[in-house]
Amino acid sequence: MSAKRGRPTPTDWQKQALADLRGAASEQPDVLRVVGNPTHGQNRTLRVTLRLHTGTLATAHGGLVLQEHEEFVLTLPASPLSATTVDVEHWRFAGYPHVLQGRQLCIFLDPAREWDPVRGGMRAYLSRLWSWLTDAAAGQFDASTAMYHAVGGVLHRTPGTPTLVIRTPVPDQRIQTGYLIARTEHRLDLAYSPPREGEAVRVPVVTIAGPLPLGGGTTFAQMLTYMDNPPFDHLRRVSPQTVAQSPAVLTTLAASAARNPGGSPQYLILAVPHPAGGPSHLLGARLPGPTADALRRMVHEQGSALNIDASRVRSDLLIEWCPVSDERPAVTTRRDDGAPIGGFFGKHVHVWGCGGLGSWIAEFVVRASASHVTVCDPGTVTGGLLARQNYVETDVGALKAQALARRLRLIDDAVSIHVHDGALPDAADLAAAEVIIDATVSIAVGHTLEHIAASEGPRPVLAQVATDTRTGTLGLLNVSAPATLQGPNSIDAAAGKIVLADPCLELYHPLWQETPHGDELVPTRGCSVPTFHGSSADLAAVAGTLTSFLGMHLTAPTSGTHLVALPHAAGSPHHRFLPFNNTPPVP
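Residues numbered from 1 in each chain as written. Predicted model: local features only at pLDDT ≥ 70, side-chain atom pairs only at ≥ 80, totals over all residues. Heavy atoms only, no water.

Turning next to the pattern of salt bridges. Inspection of every chain in the model, using the stated rule, returns 20 salt bridges. The salt bridge partner of R92 is E70, with a shortest N-O separation of 2.8 Å. Of this pair, R92 sits in the loop between β6 (85–87) and β7 (99–100) while E70 sits in strand β5 (residues 69–76), and the two are 22 residues apart along the sequence. Relative accessible area serves as the criterion here: at 34%, R92 is assigned to the partly exposed category. R296 is the partner of D293 in a salt bridge, and the nearest nitrogen-oxygen pair spans 2.5 Å. Highlighted residues: D293 and R296, both in helix α7 (residues 289–302), separated by three residues, approximately one helical turn. Among the residues examined, D293 registers a relative accessible area of 22% and is labelled partly exposed. Residues joined in a network through salt bridges with shared partners are R167, R183, R187, D189, E327 and D413. (Salt bridge = Lys/Arg side-chain N within 4 Å of Asp/Glu carboxyl O. Helix = DSSP H or I, 4+ residues; strand = E, 2+ residues; numbered from the N terminus. Buried < 20%, exposed > 50% of the residue type's maximum accessible area, 1.4 Å probe, protein only.)

As structure tokens, this is what we get:
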């Protein structure tokens, strides 16, 4: 790019955007003005100052207070691939929802989906800015839902830092000692007691007095300043905090660093009160090793009488921010909340058979946060099974149940996984089961479920799953609710009569018919047992669908048969439920 008089030339996109802004200003001179000449910013950006007549906007109690005219600085990127940003050059908006770090207006929640440089260009952007101001003045923004509102509205993350996993509520104390336990090279888990085995680093967990509307800063000194006296307090005529927090934080941090190995970084967790109340927002900070060593030297030199003057902290000491995986129940909503599979939450589930359907179903049940999952299968993993079951190369030669249990334990720490290498669990283990899923396609196992269904007293929900031989794109789920005295075999027989008598359900006839010659797959020449066709994609899809339907029966117990077909199956309907109560008695 050429540089006339040593300055960058606006890109074609910036020229067009500037022309749009000036065109809009000429059409509405009483509302919009372009002030002065654009200036160049970093990374070839172009900064344009606009003055808007905002005195006409209705202001509600709690809304953003606007003056008769307000000035905004638009930063036009060199390319339309990035969205234009808008800032103010004062602190009057700091702390208001959807204002980032005190000065930048959060015009887009998700620029990737909301910024469209083609449709409307800068005129559409101006409309969006005006809508933002209208909503802000009217108090339409909900502080409790504004992302990262407690910490300047921005995500704190320094590339290369590990993620801090926090699942335990923060103790109701101003300063609490915690321990970070290395789970992987990318992950540290927070605990409030030292681990019985292994190593951990000490970390202070500090609950500070108020929110950080400007964020945590980029330097150590800036972070301490923002905790004690944000720069906008004076301008907003808000009384600064009477007691500075930084001396106590510094002392605690140094004492913690002294107990950690020399040369290692020092972590700090800040619990930041949310302006709208409720659980605090958590920030994970890290001081690089040299900075942490400086704190260690202070402790060594000053001993227990350590008292560090925050004003003497060098202004160039950078602070790193670690991503926080905040999984505290008070702030976390499961992503599968409200989904049918939620019926498995907290349940004790047995999965008998760890093959094409059972291996996937067990995984889905664990991801749904069942409390206990028991798996059983006497089979062994062979290399050919990797094409459609969720095993991996290192599982080949292992018992299926053992291999699957290893995988399941990696998915969710909170789920208790039990293994039976035989065909079925012991009778004593059945007493605690709330759901039994038979994925064995075994006649003998089916008889066992019939016996359980007919037994007296409370018993689990019984389910049986299967797929078709020819394609692996059909699914069958028989469910026997606790109040039903017949098991899945009986329900299956009743459903089979209905299906075979109904031409509209011809797609599902093969599920009850003898397998035609040639439909079965012989995976290996020689003694290989014929099996069904089907890919991992198809089997996982069928298993997922059947698991979701079964989840619905766990919240509303009924008995019956689900027939499902994947969208690319050769026919329809793609789902049909046959209630068992409406079926004729099985002779």
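Picking up where we left off.
Each pair of packed helices gets described by two things: the angle between the helix axes and the distance between those axes. Their axes nearest at 7 Å, the elements helix α11 (residues 443–454) and helix α12 (residues 488–500) cross at an angle of 110°. Here α12 runs roughly perpendicular to α11, going by the angle between their axes. Across from I443, G446, H447, L449 and E450 in α11, the residues of α12 making contact are P488, N489 and S490. The class makeup of the residues in the contact of α11 with α12 is three nonpolar, four polar and one charged. (Axes fitted to C-alpha atoms, helices over the stretch in contact; angles between N-to-C directions. Parallel < 35°, antiparallel > 145°, perpendicular 65-115°, else oblique. Contact = heavy atoms within 4.5 Å. Nonpolar A, V, L, I, M, F, W, Y, C, P; charged D, E, K, R; others polar.)

A separate point is the nonpolar core. F344, V373, V375, I437 and L550 are the most contacted members of the largest nonpolar core, which has 44 residues in total. Counting only elements with at least two residues in this core, the list comes to β17 (348–352), α8 (358–367), β18 (372–376), α9 (400–411), β20 (435–438), β21 (461–467), β22 (474–480) and α13 (536–555). The element that contributes the greatest number of residues to this core is α13, accounting for eight residues. Those residues in contact with F344 that sit more than four places away from it in its chain are V349, V365, A368, S369, A370, V435, I437, T547, L550, G551 and L554. (Core = buried A, V, L, I, M, F, W, Y, C linked by side-chain atoms within 4.5 Å.)

Attention now goes to the sheet that holds strand β23 (residues 560–565). As summarised here, the arrangement of the eight strands in space is β19-β18-β17-β20-β21-β22-β23-β24, forming an open sheet in which the pairing is mixed. Of all strands in the sheet, those with a lone pairing partner are β19 (416–420) and β24 (575–579), marking the two edges. Each strand of the sheet is rotated relative to its neighbour by a mean of 15°, with strand direction disregarded. Both β18 and β19 contribute to a ladder of five bridges, which runs parallel. Counterpart to V373 in the pairing with β19 is I417. (Pairing = 2+ DSSP bridges.)

The contact between helix α1 (residues 12–27) and helix α3 (residues 121–137) brings their axes to 8 Å, and the two run at 60°. Between α1 and α3, the angle falls in the class oblique. As for how α1 packs across α3, the hand of that crossing is right-handed. On the side of α1, the interface is formed by W13, A17, D20, L21, G23, A24 and E27, while α3 contributes G121, M122, R123 and L126. Of the residues belonging to the contact of α1 with α3, the class tally is six nonpolar, two polar and three charged. (Left-handed = near helix turned anticlockwise from the far one by under 90°.)

On to α8, then. Owing to its 3.6 residues per turn, the α-helix aligns residues three or four sequence positions apart on the same side. Extensive coverage of α8 is indicated by the burial of nine of its ten residues. Within α8 the residues assigned to the buried category are G358, S359, W360, I361, A362, E363, F364, V365 and V366. Of the residues trailing α8, S369 is marked for its positive phi of about 65°.

Tallying each qualifying case throughout the model produces seven aromatic pairs. Judged by centre distance (6.0 Å) and plane angle (75°), the ring pair of W13 and W115 falls under edge-to-face. Taken together, the residues W13 in helix α1 and W115 in the loop between α2 (111–114) and α3 connect sequence positions 102 residues apart. Note on W13: relative accessible area 13%, which makes it buried. Judged by relative accessible area, W115 falls into the buried class, the value being 11%. Measuring from ring centre to ring centre gives 6.1 Å for W115 and Y125, while their planes differ by 85°; the resulting arrangement is edge-to-face. Taken together, the residues W115 in the loop between α2 and α3 and Y125 in helix α3 connect sequence positions ten residues apart. (Phe/Tyr/Trp six-rings, centres within 6.5 Å; stacked < 30°, edge-to-face > 60°.)

For the rest of this paragraph, the subject is empty space enclosed by the protein. As enumerated under the stated definition, the model contains one cavity of 30 Å³ or more in all. Of the volumes computed, that of the largest cavity is approximately 30 Å³. Around the largest cavity sit G95, Y96, V99, H149, G152, G153 and P213, which together line it. Here the residues of the lining of the largest cavity sort into three nonpolar, four polar and no charged. (1 Å grid on protein atoms, 1.4 Å probe; cavity = no way out; pocket = protein on both sides within 12 Å on 5 of 7 lines; lining within 4 Å. Points joined across faces, edges and corners; volume = space filled by probe spheres on them.)

We now examine the layout of surface pockets. In this structure, the second largest pocket spans a volume of roughly 1,500 Å³. Lining the second largest pocket are 48 residues, with S325, D326, E327, T332 and R335 positioned closest to its centre. Elements with a contribution of two residues or more to the lining of the second largest pocket: β14 (281–287), β16 (324–326) and α9. Ranked by residues supplied to the lining of the second largest pocket, first place goes to β14 with four residues. Along the lines of polarity and charge, the residues of the lining of the second largest pocket split into 20 nonpolar, 15 polar and 13 charged.

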